[in-house]
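# Working through the structure, step by step
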Amino acid sequence: MRFRRVGAAIGTCLCAGMLLAGTAGADTPEVYVGSAAGKALDLTMTLNGAANSLTFGVSDAKVDSTLSATAHAAGELLSGTLQTAQVKGDNSSQANPQTCGPVAVPAADVGLSLNTACAASSVTVANGLPVATGQGSVAALSVNMASLVKTLQLTQPLNQVLTPIFQGIGQVPTVGQPLVDVLNSVLNTETVNASLGNSGSNVTVNGKTVTSTATAAGGVIKLLPSPVGTNPNGLVSTDPLATITVSSSQAQSVYDRVTGKSNATFNAALVTVHFNPTLKVPDISVTPGQTQSLFAGTPLQTDITVANGATTTNPDGSMGATADGVRVDLLRDAADATNKSALLSLKFAHAEAGVGGTPAVIKPLPQPQLPRDLPRTGGTPWIPMAGAGALVLALIVRRSALWAKDR
Amino acid sequence: MSYLRHHRWARRGVSALSVGLLVAAVGLLGYPFYTNLYQSRVQSNLRHQLASPELRQAYQHRSLRVGDSLTRIKIPKIGVDVVVVEGTSASALKAGAGHYPETPLPCESGNVAIAGHRTTYGKPFANIDRLGPGDLIVLETPVGACTYEVSRDPFVVPADERSVVASTPGHASLTLTSCHPKGSASHRIVVSADMKGTAVSA
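Residues numbered from 1 in each chain as written. Chains lettered and ligands numbered in written order. Predicted model: local features only at pLDDT ≥ 70, side-chain atom pairs only at ≥ 80, totals over all residues. Heavy atoms only, no water.

## Observations concerning the overall build of chain A
Let me state the cut-off plainly: Strands are runs of DSSP state E lasting at least two residues, helices are runs of H or I lasting at least four, and both sets are numbered from the N terminus onward. Under the scheme applied here, a residue whose accessible area is under 20% of the maximum for its type counts as buried, over 50% as exposed, and between as partly exposed, the area being computed with a 1.4 Å probe on protein chains only. Between two residues, a contact is recorded if the distance between any of their heavy atoms is within 4.5 Å. Working definition of accessibility: Shrake-Rupley area with a 1.4 Å probe, residue cover restricted to the visible protein chains.
If you tally the helices and strands in chain A, you get 5 helices and 26 strands. Of all 407 residues assigned to chain A, the portion counted as buried reaches 48%. Long-range pairs, those at least 24 residues apart, make up 65% of the contacts in chain A between residues at least 6 apart in sequence. On chain A, roughly 18,600 Å² of surface is accessible, and the fraction owed to carbon and sulfur atoms is 56%.

## What to know about the packing of aromatic side chains
Residues and elements named next belong to chain B. Heads up, the condition is: Only centres within 6.5 Å qualify two rings of Phe, Tyr or Trp (six-membered ring in Trp) as a pair; their planes then separate them into stacked at under 30 degrees, edge-to-face at over 60, and tilted for everything else.
Taken as a whole and assessed by the stated rule, the structure comprises 2 aromatic pairs over all chains. When the ring of Y34 is compared with that of Y38, the centres are 6.3 Å apart and the planes differ by 35°; the resulting orientation is tilted. In this pair, Y34 and Y38 both sit in helix α2 (residues 8-50), 4 residues apart, roughly one turn of the helix. On the numbers, 6.3 Å between centres and 85° between planes, the contact of Y38 with Y121 is edge-to-face.

## Some points on the nonpolar core
Residue and element names in this part refer to chain A. For the record, the criterion: We call a set of buried residues a nonpolar core when its members are Ala, Val, Leu, Ile, Met, Phe, Trp, Tyr or Cys and they connect through side-chain atoms within 4.5 Å of each other.
Counting 32 residues, the largest nonpolar core has V271, I304 and V326 as its most contacted members. Of all the secondary-structure elements, those providing two or more residues to this core are β1 (31-47), β2 (50-64), β13 (219-223), β16 (242-246), β19 (271-275), β22 (302-306), β25 (326-332) and β26 (342-358). Tallying contributions element by element places β26 first for this core, with 5 residues. Apart from residues no more than four positions distant in its own chain, V271 is found in contact with I244, T245, V246, I284, S285, V286, I304, V306 and V326.

## Considerations on the interface of chain A and chain B
The cut-off we apply is this: A simple way to read buried area is as the amount of 1.4 Å-probe accessible surface that goes missing from two parts once joined, with both sides added. Each salt bridge in this description consists of a side-chain nitrogen of Lys or Arg and a carboxyl oxygen of Asp or Glu lying within 4 Å of one another. What qualifies as a polar contact is a pair of N or O atoms within 3.5 Å, subject to a donor-acceptor requirement within protein and to the restriction that residues adjacent in sequence count only when both atoms come from side chains. For this scheme, ten residues count as nonpolar: Ala, Val, Leu, Ile, Met, Phe, Trp, Tyr, Cys and Pro. Four count as charged, namely Asp, Glu, Lys and Arg, and the remainder, Gly too, count as polar.
Across the boundary between the two partners, chain A contributes 29 residues, which contact 38 residues of chain B. Buried area between chain A and chain B, summed over both chains or domains, comes out near 2,800 Å², and the portion from carbon and sulfur atoms is 71%. Summed over the three residues of chain A that lose the most area to chain B, namely L374(A), P375(A) and T377(A), the buried surface amounts to 26% of that side. One can count 1 salt bridge joining chain A with chain B. Ionic pairing is found between R372(A) and D160(B), a salt bridge with its closest N-O pair at 3.5 Å. One can count 12 residue pairs in polar contact (both at pLDDT 80 or more) joining chain A with chain B. Residue classes in the side of chain A that touches chain B are distributed as 17 nonpolar, 6 polar and 6 charged.

## Here's the deal with the environment of N267(A)
All names here are of chain A. Tracing the chain through its elements places N267 in strand β18 (residues 262-267). Judged by its relative accessible area of 47%, N267 falls in the partly exposed class. On a C-alpha basis, the gap between N267 and N308 in space is 8.7 Å, while along the polypeptide they are 41 residues apart. Residues within four places of N267 in sequence aside, it is in contact with S248, S249, Q250 and A323.

Right under this line is the structure:
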């Protein structure tokens, strides 16, 4: 399954539908297409210059006026858990209950561990109203630091790594032994832990509207998630070094079947970052359109880019909405002189929805042409007059014939 | 005349012509009587149709065709008691009276309009000029009956004055039209009546 741009798909379907529907001016059936697609997470790992990509929690749904409904869902695309539900025609349905399976990880040696991925899809067409729903999810993901240490070249003393971190945030110029202990304690555990949500795609048709909705739940990324130790105040802190929370995004398009007008809206994801209290750094928020760097210049450099949403209007009048999600680039390879390529790149919460169509054109029944005059109910006066004339003429002719005979 | 006197075949031709003219005269003069007889037979069939369950069903589903029985109109003042058919085409009006199809069904809210012959075809509306305010008109439909009361004296309008049969939303009325003067179609005579009681919902 590939994600295609919703607008292009709708435009193509509409053009085909209109061609099949017949010429304008005559009675033409209604044509509509609605589609939605959501993606919870794209994960790209760059190891030794080679990129490995995984996509988790994907779904799409599509219905059209031919009473065709299709839904796809996958917890993880590579694992073969793709579910497809498809029906065509009224009063038909297909439902694939949620199924889960192990996630295929192509680069196991990096310590990437994932829980099971799940997918569910269903489609129904009842009374001429199609509905398609797809939902994909993966429970959680983690990357073990131990296997990334080599990649990160973290063989130098830890304080050499941490000092620029704290200098970067300008809060803790001196790295105390307690914090070093904290971070040392996690070096052999996880480096990154991400909890993921679902993506859901739904297209619903009722008597008045066609509504396409795509949602992509956000997630929580924990950088160095399990430090255990005491902070400079002597208090125990179990918070991760940084917790990045990505909210969900939603894109919705609504098509009015009566007026043929479309409307699209989106809610872009927001990001908040919470730091370990040890760092004494206030929380920060990253709003749509912004890019924020954390721990710049260190192996733990994290770049957060929050994309904005957009609505588009296609030439055929169909509308689409895209709520582009959040990109989080984690961990820089110290061996990389440019220090630009992230070892882990996460793209959260991408949702797009589109819908369009043309309402049915029903040629109005011709109004009966009313006669100019009120109905004629007075008979035809020339008929009795003609009868009288014919009678007189008959008598005259008869009289003439008799007169000629007598003479 | 001398030609007729000397040619026998010419005299026979003139005799035949006179007979032909006589037959035509009888036919033309008898046409009104023929239409009355025709209307009488049609009315007999329409009465049977009006009482049939099929017509009742068609009436309720508003699927009446032009020429179908629609209602029975009774005007005691001038002795009218005929079945009105759906439609006001020349063919439909051979039944004597027809309902304007663009107006509401009898006893419904709005301006119900009925046209009737004033001469020929039973001439049911021959004497509607004698109606006056307070006279009653009863319509009996397959699903009920209602009574109208003439609201004003009959009045004459040009033949193309269709406003007299225009809708009167929210007001239940009855309009009767016929040709005026008798034997002519130059004008129309109109009788307006208002419903007594409550109209049937459309």
